[in-house]
Amino acid sequence: MDETDRILYDLGYFGNDPYKKEQIKGFIQEAEQFMVEAGVKKEKITSALAKTIKSLWCEARDKKQPIYLVNKDKMIVSLISQLRR
């Protein structure tokens, strides 16, 4: 099971919906781009912690919740700061 399929499964999408799969792939790319721009080294983008960040990002985007990443109290920012070390 690849990362996209794992996130789809975690979000409750069990079917083979090509539109949703492409949408989740786009969310994963957004998360990766944000992490790199936040100072995370590219080799850490595939770590377990980075996968958690991508899952959280995809969940928020899928639920159409705003992602206020500039707030230092948010979980995604906290996890990214751990990756930057």
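Calculation notes
- Residues numbered from 1 in each chain as written.
- Predicted model: local features only at pLDDT ≥ 70, side-chain atom pairs only at ≥ 80, totals over all residues.
- Heavy atoms only, no water.
- Axes fitted to C-alpha atoms, helices over the stretch in contact; angles between N-to-C directions.
- Helix = DSSP H or I, 4+ residues; strand = E, 2+ residues; numbered from the N terminus.
- Parallel < 35°, antiparallel > 145°, perpendicular 65-115°, else oblique.
- Contact = heavy atoms within 4.5 Å.
- Nonpolar A, V, L, I, M, F, W, Y, C, P; charged D, E, K, R; others polar.
- Core = buried A, V, L, I, M, F, W, Y, C linked by side-chain atoms within 4.5 Å.
- Buried < 20%, exposed > 50% of the residue type's maximum accessible area, 1.4 Å probe, protein only.
- Expected span 1.5 Å × (residues − 1).

Q: Could you clarify how one ought to interpret the packing of helix α1 (residues 3-10) against helix α2 (residues 18-37) in this entry?
A: Helix packing geometry: the angle between the two helix axes and the distance between the axes. Here α1 crosses α2 at 110 degrees, and the two axes come no closer than 10 Å. Between α1 and α2, the interaxial angle falls into the category roughly perpendicular. Each of Glu3, Thr4, Asp5, Ile7 and Leu8 in α1 lies in contact with α2, whose residues at this interface are Lys20, Lys21, Ile24, Lys25, Ile28 and Glu32. Taken together, the residues that form the contact of α1 with α2 break down as four nonpolar, one polar and six charged.

Q: So what exactly am I meant to see when it comes to the nonpolar core here?
A: Side chains of a nonpolar character, in soluble globular proteins, are inclined to be buried together. Counting residues in hydrophobic clusters, the biggest one holds 17 residues, and the most contacted among them are Ile24, Met35, Val40, Ile53, Cys58, Ile80 and Leu83. Secondary structure elements with two or more residues in this core: α1, α2, α3 (48-62) and α4 (75-83). The element that contributes the greatest number of residues to this core is α2, accounting for five residues. Residues contacting Ile24, with those up to four places away along its chain left out, are Thr4, Ile7, Leu8, Leu11 and Cys58.

Q: Explanation requested: α3 in the structure shown.
A: Quick reminder: α-helices carry 3.6 residues per turn. Residues three or four places apart thus point the same way. For α3, spanning 15 residues, the distance from its first C-alpha to its last is 21 Å, which sits close to the expected 21 Å at 1.5 Å a residue. Among the residues of α3, Ala50, Ile53, Lys54, Ser55, Trp57, Cys58, Ala60 and Asp62 are the ones counted as buried. The inward-facing, buried residues of α3 abut α1, α2 and α4. Looking one or two residues past α3, Lys64 carries a phi angle of roughly 60 degrees, positive in sign.

Q: Hey, could you run me through the environment of Lys42 in this one?
A: With respect to the helices and strands, the residue Lys42 is situated in the loop between α2 and α3. Separated by 19 residues in the primary sequence, Lys42 and Arg61 have C-alpha atoms spaced 22 Å apart.

Q: Just to check I follow, could you spell out the environment of Phe34 for this structure?
A: Among the secondary structure elements, Phe34 is positioned in helix α2. C-alpha of Phe34 to C-alpha of Ile7: the two residues are 27 residues apart in sequence and 18 Å apart in space.

Note that every value here comes from positions in space, so none of it alone points to a role or purpose.
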